[in-house]
Amino acid sequence: MYKKIKILIITHNFYPDLSPRSFRATELAKEFYRQGHEVTLMAPEKKGIESFLTEYPIVFKSLGNLKWKIFNFKSFGILGRLYNKAVNRLLSLLFEYPNMEIFFKVRKALKKENDQYDLLISIAVPYPIHWGVASIWSKKHRKVAKVWVADCGDPYCLQENDTFRPPFYFQWVEKWFMRKATYITVPTLNSIKGYFPEFHSKIQIIPQGFKFEEVRKRPEIMDGIVRFGYGGGFIPGRRDPKEFIQFLVQLPVERRFEFHVYTHTPQYILPYIQNDPRILIHNPKDRLEFLYTISGFQFVVNFSNKGTVQTPSKLIDYGIINKPILNIETGNLDKEAVVEFLNGNYRKSLKVECLENYRIENVCRKFLSLADASK
């Protein structure tokens with residue numbers, strides 16, 4: 001049993017945002033509070049956070065509104081959209097714009113911080129969160145916290161699932177903050193390969209965590225229509241739905257199915273639907289509402305990332321609701337598996353191992369053990 005400690009969580013994404021990093025920060029804050037620890041959250045101003053703070057009255061220290069904006073010239077037609085795509089991609093790649101704003105926000109806020117915490121957890125992405133902490137961190141003068149854990153969901157310089165890796169000079173920045181962090185946490189054993197070898201000794205494996213008991217499930221819908229669903233974004237050429245959708249729409253119309261897609265990137269699926277009413281696109285849902293909805297389907301779909309470094313956290317949710325998982329690998333569609341799933345044969349279902357590791361109670365214990373080990 002761990003004694004009650006003071007914990008500071010710094011994050012860009014938090015409730016009610018719908019993203020893996022938001023879930024990470026939100027679930028940690030909730031469970032630490034439930035366990036009786038003194039929890040402080042530092043994040044940009046959040047609309048809708050009031051209901052969360054009513055249920056979980058932690059201390060919220062706002063970093064203010066983020067003002068740096070992405071250029072938008074859509075009103076100029078095709079040329080404007082091309083300009084937006086090129087310039088904004090370059091600004092992000094070369095200078096981490098507009099995410100660099102949060103570096104200055106975190107740095108400024110921590111310089112004014114009077115409390116000393118037992119444990120500071122900074123959560124990326126974006127990585128300027130970690131850089132902001134590193135800018136004020138000193139081994140000799142730890143005025144903010146006794147232990148700093150830099151939590152990394154996805155790699156930065158050595159990532160595999162973006163078209164371009166960051167320029168070489170960001171390697172210096174990444175190594176600079178990693179030298180200062182007490183620990184670096186990643187979600188899986190394979191994730192370690194996404195970071196520079198000289199820091200592997202600092203890396204601890206702490207997976208995404210959820211409160212299993214919060215997930216409601218409904219009875220499976222049995223009306224002769226095979227329903228399956230996916231929730232999340234797409235990445236062209238990596239987590240790409242094109243081949244899968246093209247295969248589905250060419251199936252005979254007598255094949256009764258519904259593929260429900262909940263995504264904020266419908267542009268990567270719309271061109272291939274061909275007005276097939278069996279492919280249905282929805283806006284993203286609240287995580288618990290989404291899980292309740294798809295728990296009534298026959299199976300769920302996962303689009304795997306390139307390589308083994310980044311593992312989709314949605315697989316944990318799929319495991320919690322105990323649904324068969326059809327795994328789609330970009331450029332290597334297993335058509336036989338798709339047909340088998342549609343026929344109710346799930347022998348090729350992707351397995352989620354050691355589900356108990358993802359209980360938020362166990363995840364928080366691992367973070368607390370890092371604070372205890374550094375005394």
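Here the structure is shown first, and the text comes after it.
Just so it is clear, the model here is predicted, and its values are computed rather than measured. (Residues numbered from 1 in each chain as written. Predicted model: local features only at pLDDT ≥ 70, side-chain atom pairs only at ≥ 80, totals over all residues. Heavy atoms only, no water.)

Trainee: Could you clarify how one ought to interpret the pattern of salt bridges in this entry?
Mentor: A pair can form between side chains of opposite charge whenever their charged atoms are brought close. Under the definition given, this model contains 23 salt bridges. The salt bridge partner of Arg278 is Asp276, with a shortest N-O separation of 2.8 Å. Exposure class is identical for Arg278 and Asp276. Each is buried. Close ionic contact of Glu356 with Arg359 constitutes a salt bridge, the shortest N to O distance being 2.8 Å. (Salt bridge = Lys/Arg side-chain N within 4 Å of Asp/Glu carboxyl O. Buried < 20%, exposed > 50% of the residue type's maximum accessible area, 1.4 Å probe, protein only.)

Trainee: What's the story with the nonpolar core in this structure? I'm lost.
Mentor: One recurring pattern in soluble globular proteins: nonpolar side chains tend to sit buried together. Counting residues in each nonpolar core, the largest one holds 43 residues, and the members touching the most others are Phe228, Phe244, Leu248, Phe259 and Val301. Counting residues per element, the ones that place at least two in this core are strand E8 (226-231), helix H7 (242-249), strand E9 (257-262), helix H8 (287-294), strand E11 (299-303), helix H9 (314-320), strand E12 (325-328) and helix H10 (335-342). For this core, the element with the highest residue contribution is H7, accounting for five residues. In terms of nonpolar packing, the next biggest core, distinct from the first, is built from 38 residues, Leu8, Leu120, Ala145 and Met178 among them. (Core = buried A, V, L, I, M, F, W, Y, C linked by side-chain atoms within 4.5 Å. Helix = DSSP H or I, 4+ residues; strand = E, 2+ residues; numbered from the N terminus.)

Trainee: How do you make sense of the layout of surface pockets when you look at a structure like this?
Mentor: One water molecule sets the probe size; rolling that probe over the atoms shows where empty space is left. Estimated volume of the second largest pocket: approximately 310 Å³. Forming the walls of the second largest pocket are 17 residues, and the residues nearest its centre are Tyr15, Thr26, Glu27, Lys30 and Asp286. Mapped by element, the contributors of at least two residues to the lining of the second largest pocket are helix H1 (20-34), helix H2 (50-55) and H8. Per-element accounting of the lining of the second largest pocket gives the leading share, five residues, to H1. (1 Å grid on protein atoms, 1.4 Å probe; cavity = no way out; pocket = protein on both sides within 12 Å on 5 of 7 lines; lining within 4 Å. Points joined across faces, edges and corners; volume = space filled by probe spheres on them.)

Trainee: Help me out: how do you make sense of H1 in this one?
Mentor: Along an α-helix, residues three or four apart share an orientation, since each turn contains 3.6 residues. Counted at 1.5 Å a residue, the expected span for H1 with its 15 residues is 21 Å, and the 21 Å between its end C-alpha atoms agrees. For H1, the tally of buried residues reaches twelve of 15 residues, placing the bulk of the element in the interior. Residues of H1 that are buried: Arg21, Ser22, Phe23, Arg24, Ala25, Thr26, Glu27, Leu28, Ala29, Lys30, Glu31 and Phe32. (Expected span 1.5 Å × (residues − 1).)

Trainee: Even after reading the chapter, I still don't get the sheet that holds E8, so can you show me in this structure?
Mentor: Pairing between the strands of a sheet comes from backbone hydrogen bonds, and it takes one of two forms, parallel or antiparallel. Here we have five strands laid out as an open sheet, ordered E10-E9-E8-E11-E12, and parallel in their pairing. Each of the sheet's edge strands pairs with one partner strand only, and the pair in question is strand E10 (279-282) and E12. Strand-to-strand twist of the sheet, defined as the mean angle between neighbouring strand axes without regard to direction, takes the value 25 degrees. Direction of pairing for E11 relative to E12: parallel, over a ladder of four bridges. Bridge assignment links Asn302 to a residue of E12, and that residue is Asn327. Along the sheet face, H7 touches E8, E9, E10, E11 and E12 and points at about 155 degrees away from the line of E9. Across the sheet, H10 touches E8, E9, E11 and E12, and the angle it forms with E12 is around 160 degrees. (Pairing = 2+ DSSP bridges. Axes fitted to C-alpha atoms, helices over the stretch in contact; angles between N-to-C directions. Contact = heavy atoms within 4.5 Å.)

Trainee: Would you mind showing me how to read the packing of aromatic side chains here?
Mentor: A ring pair, where both rings are aromatic, is described by two values, the distance of the centres and the angle of the planes. Taken as a whole and assessed by the stated rule, the structure comprises 28 aromatic pairs. Measuring from ring centre to ring centre gives 4.9 Å for Phe103 and Phe104, while their planes differ by 80 degrees; the resulting arrangement is edge-to-face. Its relative accessible area of 14% is what places Phe103 among the buried residues. Its relative accessible area of 44% is what places Phe104 among the partly exposed residues. For the pair Trp172 and Trp176, a centre-to-centre distance of 6.1 Å together with 5 degrees between the ring planes defines the contact as stacked. (Phe/Tyr/Trp six-rings, centres within 6.5 Å; stacked < 30°, edge-to-face > 60°.)

Trainee: Would you mind showing me how to read the pairing of E9 here?
Mentor: It is a general feature of regular strands that their side chains alternate between the two faces of the sheet. Burial of E9 is extensive: six of the six residues sit out of reach of the surface. Burial along E9 is two-sided: Phe257, Phe259 and Val261 facing one way and Glu258, His260 and Tyr262 facing the other are all buried. Examined bridge by bridge, E8 and E9 share six bridges and lie parallel to one another. Each bridged residue has a counterpart across the sheet, and for Phe228 the counterpart in E9 is Phe259. Where the polypeptide runs from E8 across H7 and back to E9, its parallel neighbour, the crossover connection is right-handed. Where E9 and E10 come together, four bridges link them in parallel fashion. (Right-handed = clockwise from strand over helix to strand, strands pointing away.)

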